[in-house]
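Residues per chain are reported as follows:
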Amino acid sequence: MRTSPNIIITGTPGVGKTTHCQQLAESSGLAHLDVNKVVKERNCDDGYDEELKSVIVDEDKLLDAIESELEAGGQIIDWHACDLFPESLIDLVVVVRCDSTILYDRLKSRGYADNKVEENMDAEIMEVLLQEARDSYAEEVVVELQSNDADQIDSNVERIEAWIKQWRKDHEDS
């Protein structure tokens, strides 16, 4: 049995996933599992998409690479997708959202090509990742949080910290 929960922090690129994960890892003692780093460091890629200027992830290799960490628990998974992670190993899915004007500015400041900005903006507006989370996990483990500014991020981290404390309390005897 796991003594710490596994949490996915997901959302469109630019919404603040990594900021949430870093702050949460620092304050909670859980491990920040940055999927982009895992893919690079553990050779879980399947090529490169020239049009979108991004690595193509081999999801089977990725799951094999992190399976033992997920089984042990205590992971904060930082990635833009969530549906590939086994529901039995995930305790909370946080879908971070952002107002489209703020997101647009964040993506442009990263130097994203127009087609990549457009694809990510469309995904955010159409709630693609929120729907993916709702389709893949039980309703009670999916939470949607806004991340437009530092105050919202701080509030979100505090809320997730409280959830972690309650999860640990609820799982003390098991």
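Residues numbered from 1 in each chain as written. Predicted model: local features only at pLDDT ≥ 70, side-chain atom pairs only at ≥ 80, totals over all residues. Heavy atoms only, no water.

The name given to the protein in an unreviewed UniProt entry is Adenylate kinase isoenzyme 6 homolog, and the organism recorded there is Neodothiora populina. Per UniProt, the comment on the protein under Subunit (unreviewed entry) is "Interacts with small ribosomal subunit protein uS11. Not a structural component of 43S pre-ribosomes, but transiently interacts with them by binding to uS11." (UniProt positions renumbered as here; feature names shortened; annotations may be inferred.)

Draft legend 1. Local environment of the UniProt feature "binding site: ATP" (unreviewed entry) in the protein. As annotated in UniProt, the feature "binding site: ATP" (unreviewed entry) corresponds to Gly14, Gly16, Lys17, Thr18, Thr19 and Arg110 in the numbering used here. Of the annotated set named above, Gly14, Gly16, Lys17, Thr18, Thr19 and Arg110 line the largest pocket. Within the secondary structure layout, Gly16 lies in the loop between β1 (7-10) and α1 (17-28). A relative accessible area of 14% places Gly16 in the buried class. Ignoring sequence-local partners within four residues, the contact set of Gly16 consists of Arg106 and Ser147. For Thr19, the position within the fold is in helix α1. (1 Å grid on protein atoms, 1.4 Å probe; cavity = no way out; pocket = protein on both sides within 12 Å on 5 of 7 lines; lining within 4 Å. Helix = DSSP H or I, 4+ residues; strand = E, 2+ residues; numbered from the N terminus. Buried < 20%, exposed > 50% of the residue type's maximum accessible area, 1.4 Å probe, protein only. Contact = heavy atoms within 4.5 Å.)

Draft legend 2. Local environment of the pattern of salt bridges. The full count for this structure, using the stated rule, is eight salt bridges. Across the pair Arg42 and Glu69 runs a salt bridge whose closest N-O atoms are separated by 2.8 Å. Taken together, the positions of Arg42 in the loop between α2 (35-41) and β3 (45-49) and Glu69 in helix α3 (residues 59-72) put the pair 27 residues apart, joining distant regions of the chain. Glu69 sits in the partly exposed class, given a relative accessible area of 22%. (Salt bridge = Lys/Arg side-chain N within 4 Å of Asp/Glu carboxyl O.)

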